[in-house]
Amino acid sequence: MKAQSRRFPRFTMVLVAAAAALTLAACGGSDQAAPAAEATETAPAAPATGTHDGHSAGSGAAVEMRLIQFRPELLEVAPGTEVTWTQNDAGFHTVTSGTVAPDGGGVTGNADGKFASGRLATGQTFKFSFAEAGVYPYFCEIHPATMTGEVRAGA
Ligand SMILES: [Cu+2]
């Protein structure tokens, strides 16, 4: 007797719970579908943007100095490649290996001595062969705040 009287309310509560679960599942399901799809799309896209194939497209091992910029700023080459910098601005630039660090309101170039062109006048070129694989940052000693570049040799 008592068992039946308890079973009925339990049964209705199950139905209500099931209906509520279906309602929640219907609402939640549609909301979760979009983020799940985005997550699967961004996962394979991340490594694609992580590569630098776009920069290495012009891997003709040539860098131009123009409008107070190294172009391209990032050059990827195979180890052993000779890179040629051409100075196409008025005035002078240098190609000096090393890094640039903030220093008060300006910057300070820290040459590492791996290569240095000295002052290049308009039309002059500088060549350097990157025999060993590695990452080689460089800058212009005259315009260190705005002229920085990097050669990645097999790295
Ligand atoms: Cu310069």
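All values derive from a computational prediction rather than experimental measurement.

**With respect to the overall build of the protein chain**
Here's step 1: Helices and strands together make up the secondary structure of the protein chain, namely two helices and nine strands.
Here's step 2: Counting from the amino terminus, helix and strand elements in the protein chain follow one another as α-α-β-β-β-β-β-β-β-β-β.
Here's step 3: Looking at the protein chain residue by residue over its 155 residues, the buried ones come to 20%.
Here's step 4: In the protein chain, the proportion of contacts linking residues at least 24 apart, taken out of those at least 6 apart, comes to 52%.

**Some remarks on the sheet that holds strand β4 (residues 81-87)**
Here's step 1: With mixed pairing, four strands are arranged side by side in an open sheet as β2-β1-β4-β7. Edge positions in the sheet fall to β2 (70-71) and β7 (125-130), since each of these pairs with one other strand and no more.
Here's step 2: Pairing of strand β1 (residues 62-65) with β4, which is carried by four bridges, proceeds in the parallel orientation. Its bridge partner being in β4, Val-63 is matched across the sheet by Trp-85.

**Comments concerning the environment of Ala-121**
Here's step 1: Residue placement: Ala-121 occurs in the loop between β6 (106-116) and β7.
Here's step 2: In contact with Ala-121, other than residues within four places in its own chain, are Gln-87 and Phe-92.

**Section: the sheet that holds strand β9 (residues 148-153)**
Working definition: the strands of a sheet are paired by backbone hydrogen bonds and lie parallel or antiparallel to each other.
Here's step 1: Strand order in the open sheet formed by five strands is β3-β9-β8-β5-β6, with mixed pairing between adjacent strands. The sheet is open, and its two borders are formed by β3 (74-77) and β6, each paired with just one other strand. Averaged over all pairs of adjacent strands, the angle between strand axes in this sheet comes to 30°, irrespective of strand direction.
Here's step 2: Two strands pair when backbone bridges link them, and β3 and β9 are joined in this way by four bridges, in the parallel orientation. Opposite Val-77, over in β9, you have Ala-153 as the bridge partner.

Thresholds applied
Residues numbered from 1 in each chain as written. Predicted model: local features only at pLDDT ≥ 70, side-chain atom pairs only at ≥ 80, totals over all residues. Helix = DSSP H or I, 4+ residues; strand = E, 2+ residues; numbered from the N terminus. Buried ≥ 20, exposed ≤ 12 C-beta atoms within 10 Å, placed from the backbone. Contact = placed C-beta atoms within 7 Å. Pairing = 2+ DSSP bridges. Axes fitted to C-alpha atoms, helices over the stretch in contact; angles between N-to-C directions.

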